[in-house]
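# Close look at the chain arrangement
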Amino acid sequence: MTTEDREDIVVRQWMQEFAAVPLPQSRLPEAQLLWWKAELLRRWDDERKALAPIERAEPITVSIGVIGALVLMLTLWQSAPGPTATLIFATVVGVVALIGIGTMMVRQLRH
Amino acid sequence: MNEASFQSFYATTAGPLRAYVARTLGDFAQVDDIVQETYLRLLRSEGVPDDPLQMRKIAFRIASNLMADEWRRRKRTGPQPETAPEPGAAPPDPALRLDMTRVFGELNPQQRQMLWLSYVEGADHREIAAATGVREGSVRVLLHRARKKLASLLT
């Protein structure tokens, strides 16, 4: 018998004895609880995956909306007389501000 | 996997998995959290095979990864405070238990991991490599060193 074989026997025997030493009491939850927790986390994962493209597209749509509103404002401003131009300007700025605030609020609620 | 098959899988694997994590980590502070997280990750991962043996291997792999994360965290934050003996541990000979734990604690985490998988779980080199993420060729060498070190501590 080689030294290595002897070491293997000693270690094997010792490891079997060590494995038999009881561990402290488990604090693990029941299988059912773990299953439902995982189920809940899976649903959140699915929800996040479904919302990801919308969240990615959100800044693009907002930017397009804002640019569109600015173009409209400039076009109308140039063609309108003095007081009407101011009214158009105020309306467009108000709408853009509302879109911005609305977007931020939706984001806050989502997170 | 359905709930019933998970319950059966959990009943057969929770004990061995907990022992593996506890003995490899060397303390009990994070053991149950790591084991719980292992099952949650297993259940959430996609494409998990229905074969319980394959699932068991995956569970050991996830637990090994979580332990590696824990070692890295401990390296950053410094050594953990000594945990007090927990209730429920009532071995026949507390001194012997303490002595065995101390001897096993002389090995580094990777050596403890390899020895446990090899001698307690009965895993071969390929399975140990799969569970630990170490190359199969390296497992042979590392296991040899671990065995030598433990043998020297015991004799």
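Conventions used here
Residues numbered from 1 in each chain as written. Chains lettered and ligands numbered in written order. Predicted model: local features only at pLDDT ≥ 70, side-chain atom pairs only at ≥ 80, totals over all residues. Helix = DSSP H or I, 4+ residues; strand = E, 2+ residues; numbered from the N terminus. Buried ≥ 20, exposed ≤ 12 C-beta atoms within 10 Å, placed from the backbone. Contact = placed C-beta atoms within 7 Å. Rg over C-alpha atoms; globule rule 2.2 N^0.38 Å. Domains from an automatic or database assignment. Nonpolar A, V, L, I, M, F, W, Y, C, P; charged D, E, K, R; others polar. Core = buried A, V, L, I, M, F, W, Y, C linked by C-beta atoms within 7 Å.

### So, the overall build of chain B
Helix and strand content of chain B: 7 helices and 0 strands. Looking at chain B as a whole, 30% of its 155 residues are labelled buried. The contacts of chain B with a sequence gap of at least 6 include a subset with a gap of at least 24, amounting to 65%.

### Structural notes on the overall build of chain A
When helices and strands are tallied, chain A shows 3 helices and 0 strands. When its helices and strands are written in sequence order, chain A yields α-α-α. Taking 13 Å as the expected radius of gyration for a compact globule of 111 residues, we find that chain A reaches 33 Å, considerably beyond that expectation. Overall size of chain A, expressed as C-alpha extent along the three principal axes, is 105 × 35 × 20 Å.

### Structural notes on the domain arrangement of chain B
Residues and elements named next belong to chain B. Each assigned domain of chain B is listed with its residue range as follows: domain 1 (1–90) and domain 2 (91–155). Listed as interface residues are 12 residues of domain 1 and, on the opposing side, 13 residues of domain 2. Elements that contribute at least two residues to the side of domain 1 that touches domain 2 include exactly α1 (3–25) and α3 (52–77). At 5 residues, the largest contribution of residues to the side of domain 1 that touches domain 2 is made by α3. Looking at the side of domain 1 that touches domain 2 residue by residue, the classes come out as 6 nonpolar, 3 polar and 3 charged.

### Description of the nonpolar core
Counting 38 residues, the largest nonpolar core has L17(B), Y20(B), V21(B), V35(B), A63(B), M114(B) and L115(B) as its most contacted members. Sort the elements by how many residues they give to this core and α1(B) lands first, with 8 residues. The residue makeup of this core includes at least three contributed by each of domain 1 (1–90) and domain 2 (91–155) of chain B. Residue contacts for L115(B): discarding those within four places in its chain leaves M15(A), A146(B), R147(B) and L150(B).

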